[in-house]
Amino acid sequence: MCRGLAGVVGRRIVSATLPRGRVRPLSVKPVASVLVRRLEGRTIAGLHRRGKRVVIEMTEAVGRPREWLVIEPRMTGQMFVVDPPTEEHVRLVVDLAGGRPARFLFWDRRGLGTIRLLDDRGLEAACGASKLGPDGLVVTGDDLAAHLGRSRRAVKAALLDQRAVAGIGNIYASEILHRVAIHPRTMCRRVRRADWERIAAATRRVLAEAVALEGSSIGDETYRTADSRPGRAQQRHRVYDREGKPCRRCRAAIERIVLAQRATFFCPACQARTNQRKR
DNA sequence: CGTTCAACCTGGGCGC
DNA sequence: TGCGCCCAGGTTGAAC
């Protein structure tokens with residue numbers, strides 16, 4: 001998402017619009033009228049990412065400190081610099097002065113995403129270390145072992161805990177554990193020290209590959225790049241959404257279970273539970 | 001401390 | 001074709 005928005009850096013915001021009635025009050029801070037007023041006339045100083053959130057840095061302005069436009073896409077939120085799939089699910093439009101792209105927008109079919117304009121303190125409170133752990137692209141075995149090593153939680157559920165490691169979603173949690181042949185229900189405290197290292201390495205690799213392939217697009221109105229192209233990472237999924245299909249490593253049928261209320265996919269042969277008992 | 005459930009939403013798919 | 005259910009890439013808070 002952030003890569004697709006690269007062209008917005010250094011640009012001045014001519015106007016911002018939150019189409020009436022299209023955003024849940026609870027999902028926007030401050031209230032729409034104030035948010036819009038604070039964005040207009042500002043210049044975009046930088047583009048960042050904190051875990052799964054897009055963070056757009058605003059320069060200081062008269063009477064305003066540096067601020068951060070934080071967009072949390074959740075399930076169906078997407079950023080576009082071209083026309084979105086539908087008009088009715090557009091939640092935020094930001095028009096930019098001269099140049100391309102002429103605008104960017106936040107589109108969200110289900111409307112679960114959030115839009116916030118925060119000062120430095122607000123950013124720290126919302127995206128600081130108390131809320132988000134080390135980023136998945138750079139997480140280490142030490143990070144994971146320190147945060148999860150004594151936990152009784154199932155390792156797959158734990159990888160989705162953004163305070164432990166930021167940026168792993170439900171697709172990639174299953175993919176990561178398949179890479180390291182660990183059963184998703186394995187209790188964290190049963191994971192060996194060396195295996196945390198392998199999980200961290202797989203996390204970095206799986207996420208980096210997914211970014212390189214521009215994300216996972218499963219179905220029609222699912223994730224698209226900012227210029228509306230589907231990603232290609234789904235072609236490389238080894239287990240996610242492959243229930244009953246042969247494991248690409250051993251040909252056993254991929255299984256689907258529900259773990260901590262989320263669909264979880266794994267290979268019952270490669271990821272047998274007996275593989276990771278401590279002794 | 002951890003799990004489960006509900007809630008926030010829309011829409012596609014499927015069984016009947 | 002229409003209805004009722006289940007499902008979906010996420011997060012949060014209450015109840016237990």
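Overview of the structure. Predicted model, so just to flag it, every value in this text is computed and none were measured.

**Things to note about unusual backbone geometry**
Part 1 of the reasoning: The omega angle of the peptide bond from Lys29 to Pro30 is -5 degrees, so this bond is cis rather than trans.
Part 2 of the reasoning: Assignment of secondary structure puts Pro30 in the loop between β2 (28–29) and α1 (32–39).
Part 3 of the reasoning: Here Arg100 and Pro101 are connected by a cis peptide whose omega angle stands at -5 degrees.
Part 4 of the reasoning: Locating Pro101 in the fold gives a position in the loop between β7 (90–96) and β8 (103–108).
Part 5 of the reasoning: Despite not being glycine, Ala181 shows a phi value in the positive range, around 55 degrees.
Part 6 of the reasoning: On the secondary structure map, Ala181 appears in the loop between α5 (170–179) and α6 (193–212).
Part 7 of the reasoning: Located in the positive-phi region is Glu214, a residue other than glycine, with phi close to 65 degrees.
Part 8 of the reasoning: The residue Glu214 is located in the loop between α6 and β10 (255–259) in this model.
Part 9 of the reasoning: On the basis of relative accessible area, Glu214 is assigned to the partly exposed category, the value being 24%.

**With respect to a nonpolar patch on the surface**
Part 1 of the reasoning: Among the surface-exposed residues, Leu137, Val138 and Val211 lie close enough to one another that they form a single nonpolar patch of about 230 Å² accessible area.
Part 2 of the reasoning: The topology assignment puts Val138 in the loop between α2 (120–127) and α3 (141–148).

**A short note on the protein's contact with DNA strand B**
Part 1 of the reasoning: In the neighbourhood of DNA strand B, the contacting residues comprise Arg24, His89, Arg109, Arg110, Leu112, Ser151, Arg152, Arg153, Ala154 and Gln261.
Part 2 of the reasoning: Counting only atoms of DNA strand B within 4 Å of the protein, the fraction found in sugar and phosphate groups is 74%.
Part 3 of the reasoning: Between DNA strand B and the protein, one listed contact pairs a phosphate oxygen with a side-chain N or O atom of His89 at 3.0 Å.
Part 4 of the reasoning: In the model, a phosphate oxygen of DNA strand B is placed 2.7 Å from a nitrogen or oxygen of the Ser151 side chain.
Part 5 of the reasoning: Partitioned by chemical class, the residues of the surface near DNA strand B number 2 nonpolar, 3 polar and 5 charged.

**Side note on the packing of aromatic side chains**
Part 1 of the reasoning: Enumeration over the complete set of coordinates arrives at 2 aromatic pairs.
Part 2 of the reasoning: Ring centres of Phe80 and Trp107 lie 6.2 Å apart, and the angle between their planes is 80 degrees; on these two criteria the pair is classed as edge-to-face. One end of the pair, Phe80, is in strand β6 (residues 77–80); the other, Trp107, is in strand β8, and 27 residues separate them in sequence. Of the two residues, Phe80 and Trp107, neither departs from the other in class, the shared state being buried.
Part 3 of the reasoning: On the numbers, 5.1 Å between centres and 70 degrees between planes, the contact of Tyr240 with Phe265 is edge-to-face. A residue pair is termed long-range when its members are at least 10 positions apart, and Tyr240 in the loop between α6 and β10 and Phe265 in strand β11 (residues 262–266) qualify at 25 residues.
Part 4 of the reasoning: Its relative accessible area of 6% is what places Phe265 among the buried residues.

**A look at the sheet that holds β8**
Part 1 of the reasoning: Strand order in this open sheet of 4 strands is β1-β7-β8-β6, and the pairing throughout is antiparallel. The strands lining the two open edges of the sheet, one partner per strand, are β1 (13–17) and β6. Averaged over all pairs of adjacent strands, the angle between strand axes in this sheet comes to 10 degrees, irrespective of strand direction.
Part 2 of the reasoning: By the bridge criterion, 5 bridges tie β7 to β8 in an arrangement that is antiparallel.

**Digging into the nonpolar core**
Part 1 of the reasoning: Counting 37 residues, the largest nonpolar core has Leu144, Val155, Trp196 and Ile199 as its most contacted members.
Part 2 of the reasoning: Of all the elements in the fold, those that place two or more residues in this core are α3, α4 (155–159), α5, α6 and β11.
Part 3 of the reasoning: Looking at this core, the element that brings in the most residues is α6, giving 7 residues.
Part 4 of the reasoning: Apart from the residues within four sequence positions on either side, Leu144 is in contact with Val139, Gly149, Val165, Trp196, Ile199 and Ala200.
Part 5 of the reasoning: One finds Cys2, Val36, Met79 and Ile115 within the second-largest nonpolar core, a separate group that totals 26 residues.

Here is what the cut-offs are and how they apply
Residues numbered from 1 in each chain as written. Chains lettered and ligands numbered in written order. Predicted model: local features only at pLDDT ≥ 70, side-chain atom pairs only at ≥ 80, totals over all residues. Heavy atoms only, no water. Helix = DSSP H or I, 4+ residues; strand = E, 2+ residues; numbered from the N terminus. Buried < 20%, exposed > 50% of the residue type's maximum accessible area, 1.4 Å probe, protein only. Patch = residues over 30% accessible without salt bridge, like charges linked within 9 Å, V, L, I, M, F, W, Y side chains within 5 Å. Areas by Shrake-Rupley, 256 points an atom, 1.4 Å probe, with all protein chains shown as cover. Salt bridge = Lys/Arg side-chain N within 4 Å of Asp/Glu carboxyl O. Near = heavy atom within 4 Å. Polar contact = N/O pair within 3.5 Å; in protein donor to acceptor, adjacent residues only side chain to side chain. Nonpolar A, V, L, I, M, F, W, Y, C, P; charged D, E, K, R; others polar. Phe/Tyr/Trp six-rings, centres within 6.5 Å; stacked < 30°, edge-to-face > 60°. Pairing = 2+ DSSP bridges. Axes fitted to C-alpha atoms, helices over the stretch in contact; angles between N-to-C directions. Core = buried A, V, L, I, M, F, W, Y, C linked by side-chain atoms within 4.5 Å. Contact = heavy atoms within 4.5 Å.

Read these as spatial facts, not as claims about activity.
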